[in-house]
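# Structural characterization, general
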Amino acid sequence: MSVATAEAAVETVQRKLREAGVKYAMSSFVDLHGNIKTKFVPLAHLSQMAAGSELFTGAALDGLPQDISDEELSARPDLDSAVQLPWRKEVAYFSSDLYHEGQPFEAASRNILKRQLEAAKELGFTFNLGIETEFFVLKDTPEGPVEVSDRDNLSKPCYTAPAALDNFDWLTEMVEAMNEMGWGVYSFDHEDAQGQFEIDFKYADALTMADRAVFFRLMANEMVRKHGYFATFMPKPFADRSGSGAHFNMSLADIETGENLFETDDDPRGCGISKLGYQFIAGVLKHAPAICAVIAPTVNSYKRLVRKGSMSGSTWAPVFVSYGNNNRTNMIRVPLAGGRVECRAADISGNPYLGAAIILAAGLEGIRDNLDPGEPHTENMYNYSEAEIISNGLGLLPRSLGEAIEEFAADSLSREVFGEKMYNAYIDYKSQEWDEYQAHVSEWETKRYLKFF
């Protein structure tokens, strides 16, 4: 793009935002956790911001590996990503790419995903992604956090109408804001746990969807805060309730025609996906333990990835490295209509750029190497005994963050996707998180052992 063309693009965006009442712009990116970091500029300075005027010290942030003596990181906004904040109309948000010494910063999350999207492009593919957003909305009380509605008291509260209606004000504010931004909300409901909700919106290309997913967490917290509540994206905030997933619904499309390459009317296995789709699944399953460290990235994530543990009788989360048809007990599910695959191990605490990048890389490997995932599991996987697990040769997802990080470190795909600096930074940070958790003495331990002996 020439200098004149770039300046004209900035002026066009600037004019549209000014006409919409915007006064300030955010140059934003995410840290290792997918949390948004930003600087603000007056809208009159958008051209400087677009040229990378806003500088950030990576050493001050998690997962942006820099020494304090290094040149700062420069955030260059993606002009096509501009979003007017629904709750603060005078501000526009831009997803940005980080640069270092004039080149894309290897360890930046968005750049990591863009590298894998380029790899897909070289094979003729566009990676389409939908992320289901599950989360809790609670209010603080002297006794601790509680659900907003006093009618949210069923042992099986999934889809309950009264509790959803009691939360309708903030729910519809969010839905209307998302639709104004063109996200295409098609469903929202009270989910499986007390205080839990889900808002589903139309899929997009993976970069756009990752941008939206990180913005969603910011938006949800800001909008419910006006009502005196808070949103939590902790995967498993309550031991006796279901956790919050962020199921990845994925397909590859022809980069020229947009045709969904996972769709087929001829699937002898009966799941409704093409050979290409099965190859993609096989690649994901091959690297599932390492992938788990990225899409289930916290100590708490592994309290969700268990068979039981909620009032409704199931966590609805996978524990096996397996795939199946419209069967929610597998890690990879092919929904009833076919044409896409759903990864159910991902939770809402993940960094969607990193999660999408490593899953896509694994799927592309499956395609390149013509891998096959075997026959689908249509049975209830939760019913397997330990002996049956062994006899069927079933692989298990990691049972803890510590185990997941060991798998991530041992898998060459991790280093290939993340790059050397981010690979090491991710392992270092998550290993420390696991060590701190192991050293912590919990209330459960004190109650059980203090006077036990």
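So, a few notes on the structure that sits alongside this text. (Residues numbered from 1 in each chain as written. Predicted model: local features only at pLDDT ≥ 70, side-chain atom pairs only at ≥ 80, totals over all residues. Heavy atoms only, no water.)

## Describing the sheet that holds strand S17 (residues 323-324)
Sheet architecture is open: six strands sit in the order S13-S8-S15-S19-S18-S17, paired in mixed fashion. Edge positions in the sheet fall to strand S13 (204-205) and S17, since each has one partner strand and no second. (Pairing = 2+ DSSP bridges. Helix = DSSP H or I, 4+ residues; strand = E, 2+ residues; numbered from the N terminus.)

## Remarks on the packing of helix H8 (residues 288-295) against helix H12 (residues 401-410)
It is at 7 Å that the axes of H8 and H12 come closest, and there the two elements cross at 120 degrees. Considered as vectors, H8 and H12 are oriented oblique to each other. Considering only the axes of H8 and H12, their crossing is left-handed. Where H8 approaches H12, its residues Pro289, Ala290, Ala293 and Val294 are matched on the opposing element by Ala404, Ile405, Glu407 and Phe408. Here the contact of H8 with H12 is built from residues that sort into seven nonpolar, no polar and one charged. (Axes fitted to C-alpha atoms, helices over the stretch in contact; angles between N-to-C directions. Parallel < 35°, antiparallel > 145°, perpendicular 65-115°, else oblique. Left-handed = near helix turned anticlockwise from the far one by under 90°. Contact = heavy atoms within 4.5 Å. Nonpolar A, V, L, I, M, F, W, Y, C, P; charged D, E, K, R; others polar.)

## Quick notes on the side chain of Asp267
Within the secondary structure layout, Asp267 lies in the loop between strand S15 (248-254) and helix H7 (275-286). No salt bridge is formed by the buried Asp267; its nearest oppositely charged neighbour, Arg269, is found at 6.0 Å. Among the polar contacts listed, one links the side chain of Asp267 to the backbone nitrogen of Arg269, at a separation of 2.9 Å. One polar contact links the side chain of Asp267 to the main-chain amide nitrogen of Gly272, over a distance of 2.7 Å. Setting aside anything within four residues of it in sequence, one finds Asp267 in contact with Gly272, Ile273 and Tyr278. (Buried < 20%, exposed > 50% of the residue type's maximum accessible area, 1.4 Å probe, protein only. Lys, Arg positive; Asp, Glu negative; His and termini not counted. Salt bridge = Lys/Arg side-chain N within 4 Å of Asp/Glu carboxyl O. Polar contact = N/O pair within 3.5 Å; in protein donor to acceptor, adjacent residues only side chain to side chain.)

## As for unusual backbone geometry
Positive phi, normally seen in glycine, also occurs at Tyr159, with a value near 70 degrees. Note that Tyr159 resides in the loop between strand S10 (146-147) and helix H4 (161-166). Overall, the relative accessible area of 64% leaves Tyr159 in the exposed class.

## As for the state of the cysteines
Applying the stated criterion across every chain yields a total of zero disulfides. Residue Cys271 stays outside any disulfide, its sulfur separated by 16 Å from that of Cys343, the closest cysteine. Judged by its relative accessible area of 5%, Cys271 falls in the buried class. Free cysteine: Cys292, not disulfide-bonded; nearest cysteine sulfur from Cys343 at 8.0 Å. The buried category is assigned to Cys292, whose relative accessible area is 0%. (Disulfide = S-S within 2.5 Å.)

## Remarks on the packing of aromatic side chains
For the structure on display, the rule yields 26 aromatic pairs. For the pair Phe216 and Phe233, a centre-to-centre distance of 6.5 Å together with 75 degrees between the ring planes defines the contact as edge-to-face. Of this pair, Phe216 sits in helix H6 (residues 206-225) while Phe233 sits in the loop between strand S14 (230-232) and S15, and the two are 17 residues apart along the sequence. Accessibility classification places Phe216 together with Phe233 in one group, the buried group. Taken together, a centroid distance of 5.9 Å and an interplanar angle of 85 degrees make the contact between Trp444 and Tyr449 edge-to-face. Of the residues examined, Trp444 reaches a relative accessible area of 55% and is grouped as exposed. Following the ring pairs from residue to residue traces out a cluster consisting of Trp87, Tyr93, Phe135, Trp170, Trp183, Phe197, Phe201, Phe215, Phe216 and Phe233. For the cation-ring pair, Arg241 lies above Phe238, with the distance from its terminal atom to the ring centre recorded as 4.0 Å. The aromatic ring of Tyr278 is capped on one face by Arg269, whose charged end is 5.0 Å from the ring centroid. (Phe/Tyr/Trp six-rings, centres within 6.5 Å; stacked < 30°, edge-to-face > 60°. Lys NZ or Arg CZ within 6 Å of the ring centre and 35° of its normal.)

## Description of the nonpolar core
Ranked by size, the top nonpolar core spans 114 residues in total, and within it Phe216, Met219, Phe280, Ile359 and Phe418 carry the most contacts. Each residue touching Phe216, except ones within four places of it in the same chain, is listed here: Thr133, Phe135, Met174, Met178, Trp183, Ile199 and Phe233. Ranked by size, the runner-up nonpolar core spans 12 residues in total, among them Val13, Ala25, Leu79 and Ala92. (Core = buried A, V, L, I, M, F, W, Y, C linked by side-chain atoms within 4.5 Å.)

## Quick notes on the pattern of salt bridges
Oppositely charged side chains may form a pair once their charged atoms are brought near each other. Scanning the model with the defined rule gives 18 salt bridges in all. A salt bridge links Glu180 to Lys89; the shortest N-O distance between them is 3.6 Å. With Glu180 in helix H5 (residues 168-180) and Lys89 in the loop between strand S5 (83-84) and strand S6 (91-100), this pair connects stretches of sequence that are 91 residues apart. According to the relative accessible area criterion, Glu180 is exposed, its value standing at 62%. For Lys89, a relative accessible area of 40% gives the class partly exposed. Residues joined by salt bridges that share partners form a network here, namely Asp78, Asp97, Arg110, Lys114 and Asp211.

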